[in-house]
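# An overview of the molecular structure
Now for the letters of each chain:
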Amino acid sequence: MNRKANLTGTSGVYRWSAILGITALTTLLAGCPFDGDNDNVNDNNSDTDTFEVTITNLTAGQPFSPAAVIFHGQHWRAFTTGEPASVALETLAEGGNNASLLAEAADASQVYGHASGHGPIAPGASETVTITLPEAHNRDGLSVSVLTMLVNSNDGLAALNGVSLPALEERQSLHFTALSYDSGTEANTETVDTIPGPAASGGAQEGFNPVRDDVRDAVALHGGVVTQDDGMTGSVLRAQHRWDHPAMRVTVVRTD
Amino acid sequence: MKLTRAVTTGLAILGLTPALVQAADLTVTIENLTRGVYFTPLAVAAHPEGSQLFQTGQPASTQIQAMAEGGDISGLAGQLSSLGATQANNPAGGLLAPGASATASLNTDGTANTQLSVTAMLLPTNDGFVALNAIDIPTTPGTYSFYANAYDAGTEGNDEVRGSGSPGEAGFPVPPPLEPVVGTGATGITAAAEGFVHIHRGVLGDSDNGAGPSDIDSGLHRWLNPVARITVTVN
């Protein structure tokens, strides 16, 4: 695995978050005087499993919107390629707003835990999101999805779309690289009025719009942006807004 | 270890069970993940160890050339037949549209066909093709998913204009579903055949449907690899 390539940034984050997690557990136990089982600060058999999900933006010029991180069973999906996007996915992919997607996930019986990222993730930057799940869900079929908008695009998103997690020992980590998708809900005009990200500063920068005017109302792998530097009339994007696969790296660590 | 490695490289392995039976009966589902690229009739075959469709860095065979330039898989089918391959070609019954899927069934019982290959031409391209090239067919029953990349056969210059599907002739064929979305009157991009199979660099295209350097639409026909998901279910 490629942790060595990234030692300066993320490994420090792992350790720091792990310390915070243990501190929180200690505090919780101290506040429960009627809990006789007070020797399990480092107990692998506590009632919950905690995962740290570190999201890294691998692009040159595409900030990520606040991510949606969802742990779920093997059959739940935020989207299916070749099928129309839900309005919740469209809302994330066109405007970077993850609220509807997370609200729908919260209501789904196959979803075991979910969280929003803390904010946008700049190109090259990483962020760690911590999620605690009931332990019963750490079993075959446990899967993770991570979704974020590429904000200097019409309706592009980077997504890990329901990858299966084998049972992880404490401290064991898994690394994934993620593809980018086109939600198929908005024409890829690349104009100053239809892209919500900073590349369209000064324009209308529209986010979500319920109209579906892409060539096909279906989620596909993203073909990338064309940009004005590559001859697209009307595009506000420049060469640095192009990207390639993979667009995102996701590391999942079980910390407790 | 194998599971961990597969997961980290993006292959999803689902439903692993510890049984040790020889693969005999499998289905292969090919999903076109692109936004605007069509696949020509797919060759889907199980074949013996030691055989493969092509080797990157080496010149394409005439059979790969015919497939990649014009979508003709008859040469490949004949070659695979002479190897004793198990074939289920053209599962889509023609073109596989963007976003669409097709499923082929293969039964390798009583054969030595342990390798799986899937390939088809990509339209609109001059000699681009999608391929899964001689992967080991899993022997444990379960569902396995693989991503397949686009390659360039290296047999034709990528001039990106309408033209011929015959080997050695310039341009690409335009079957009916592509007619409205492929431009006309392009001057063409100056490009020579590369001479060897390699990962496709993608198409340039342009945003002028009636002129410009390319008949390909830059906003519709570009892709970033991979271009297909291939799901193998071993029964």
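Look a little higher up for the structure.
Let me sum up the structure you'll find in this document. Just so you know, these numbers come straight off a predicted model, no measurement behind them. (Residues numbered from 1 in each chain as written. Chains lettered and ligands numbered in written order. Predicted model: local features only at pLDDT ≥ 70, side-chain atom pairs only at ≥ 80, totals over all residues. Heavy atoms only, no water.)

## Quick look at the overall build of chain B
Scanning chain B from N- to C-terminus turns up 3 helices and 11 strands. A buried classification covers 53% of the 235 residues belonging to chain B. Contacts in chain B between residues far apart in sequence, at least 24 positions, make up 76% of those at least 6 positions apart. Element-wise, carbon and sulfur atoms account for 54% of the exposed surface of chain B, whose accessible area totals about 9,100 Å². (Helix = DSSP H or I, 4+ residues; strand = E, 2+ residues; numbered from the N terminus. Buried < 20%, exposed > 50% of the residue type's maximum accessible area, 1.4 Å probe, protein only. Contact = heavy atoms within 4.5 Å. Areas by Shrake-Rupley, 256 points an atom, 1.4 Å probe, with all protein chains shown as cover.)

## Section: the pairing of strand 5 (residues 143–149) of chain A
Residues and elements named next belong to chain A. Of all the 7 residues making up strand 5, 7 are buried; the element is thus mostly covered by neighbouring parts of the structure. Neither face of strand 5 is left uncovered, since the one carrying Ser-143, Ser-145, Leu-147 and Met-149 and the one carrying Val-144, Val-146 and Thr-148 both have all their residues buried. Examined bridge by bridge, strand 2 (residues 68–72) and strand 5 share 5 bridges and lie antiparallel to one another. Each residue of the ladder has a partner; that of Ala-68, found in strand 5, is Leu-147. Two strands pair when backbone bridges link them, and strand 5 and strand 6 (residues 156–164) are joined in this way by 6 bridges, in the antiparallel orientation. Of the residues in strand 6, the one forming a bridge with Val-144 is Val-163. (Pairing = 2+ DSSP bridges.)

## A look at the nonpolar core
Core analysis: the biggest nonpolar cluster contains 53 residues, and Val-28, Ile-30, Phe-39, Ile-64, Leu-116, Val-118 and Phe-129 of chain B have the highest contact counts within it. For this core, the leading source of residues is strand 7 (residues 115–123) of chain B, giving 6 residues. Leu-150, Leu-168, Leu-174 and Trp-243 of chain A belong to the second-largest nonpolar core, a separate cluster that totals 36 residues. (Core = buried A, V, L, I, M, F, W, Y, C linked by side-chain atoms within 4.5 Å.)

## Regarding the packing of aromatic side chains
To describe a pair of aromatic rings, you give the distance between the ring centres and the angle between the ring planes. Residues and elements named next belong to chain B. Under the defined criterion, the tally for this structure stands at 5 aromatic pairs over all chains. The interplanar angle of 65 degrees and the centroid separation of 4.9 Å between the aromatic rings of Phe-54 and Tyr-151 together place this pair among those described as edge-to-face. Here Phe-54 is found in the loop between strand 4 (43–47) and helix 2 (62–70), whereas its partner Tyr-151 is found in strand 9 (residues 142–152), with 97 residues between them in sequence. Owing to a relative accessible area of 6%, Phe-54 belongs among the buried residues under this scheme. Classification of Tyr-151 as buried rests on a relative accessible area of 13%. Relative to Tyr-151, the ring of Phe-129 lies with its centre 5.7 Å away and its plane at 25 degrees, an arrangement referred to as stacked. You can see Phe-129 sitting in strand 8 (residues 128–136) and its partner Tyr-151 sitting in strand 9, a full 22 residues away along the chain. (Phe/Tyr/Trp six-rings, centres within 6.5 Å; stacked < 30°, edge-to-face > 60°.)

## Structural notes on empty space enclosed by the protein
Taken as a whole and assessed by the stated rule, the structure comprises 5 cavities of 30 Å³ or more. Around the largest cavity sit 13 residues that line it, and Asn-188, Gly-223 and Gly-224 of chain A together with Arg-35 and Gly-219 of chain B are the ones nearest its centre. The residue inventory of the lining of the largest cavity, partitioned by class, reads 2 nonpolar, 7 polar and 4 charged. (1 Å grid on protein atoms, 1.4 Å probe; cavity = no way out; pocket = protein on both sides within 12 Å on 5 of 7 lines; lining within 4 Å. Points joined across faces, edges and corners; volume = space filled by probe spheres on them. Nonpolar A, V, L, I, M, F, W, Y, C, P; charged D, E, K, R; others polar.)

## A closer look at the packing of helix 2 (residues 87–95) of chain A against helix 3 (residues 99–107) of chain A
Residue and element names in this part refer to chain A. The contact between helix 2 and helix 3 brings their axes to 7 Å, and the two run at 150 degrees. Along this stretch, helix 2 crosses helix 3, giving a crossing that reads as left-handed. Contacts between helix 2 and helix 3 involve Ala-88, Leu-89, Thr-91 and Leu-92 on the former and, on the latter, Ser-100, Leu-101 and Glu-104. Among the residues forming the contact of helix 2 with helix 3, the class breakdown is 4 nonpolar, 2 polar and 1 charged. (Axes fitted to C-alpha atoms, helices over the stretch in contact; angles between N-to-C directions. Left-handed = near helix turned anticlockwise from the far one by under 90°.)

## A word on the environment of Glu-170 of chain A
You can see Glu-170 of chain A is positioned in the loop between strand 6 and strand 7 (173–182). Judged by relative accessible area, Glu-170 of chain A falls into the partly exposed class, the value being 26%.

## Side note on the pattern of salt bridges
With the rule as written, the count across this model stands at 11 salt bridges over all chains. Across the pair Asp-182 of chain A and Arg-35 of chain B runs a salt bridge whose closest N-O atoms are separated by 3.2 Å. Taken together, the residues Asp-182 of chain A in strand 7 and Arg-35 of chain B in the loop between strand 2 (25–32) and strand 3 (38–39) connect one chain to another. Here the two residues Asp-182 of chain A and Arg-35 of chain B agree in accessibility, since each one is buried. Close ionic contact of Arg-212 of chain A with Asp-217 of chain A constitutes a salt bridge, the shortest N to O distance being 3.1 Å. Overlapping salt bridges, with partners in common, bring together Glu-90, Arg-212 and Asp-217 of chain A in one network. (Salt bridge = Lys/Arg side-chain N within 4 Å of Asp/Glu carboxyl O.)

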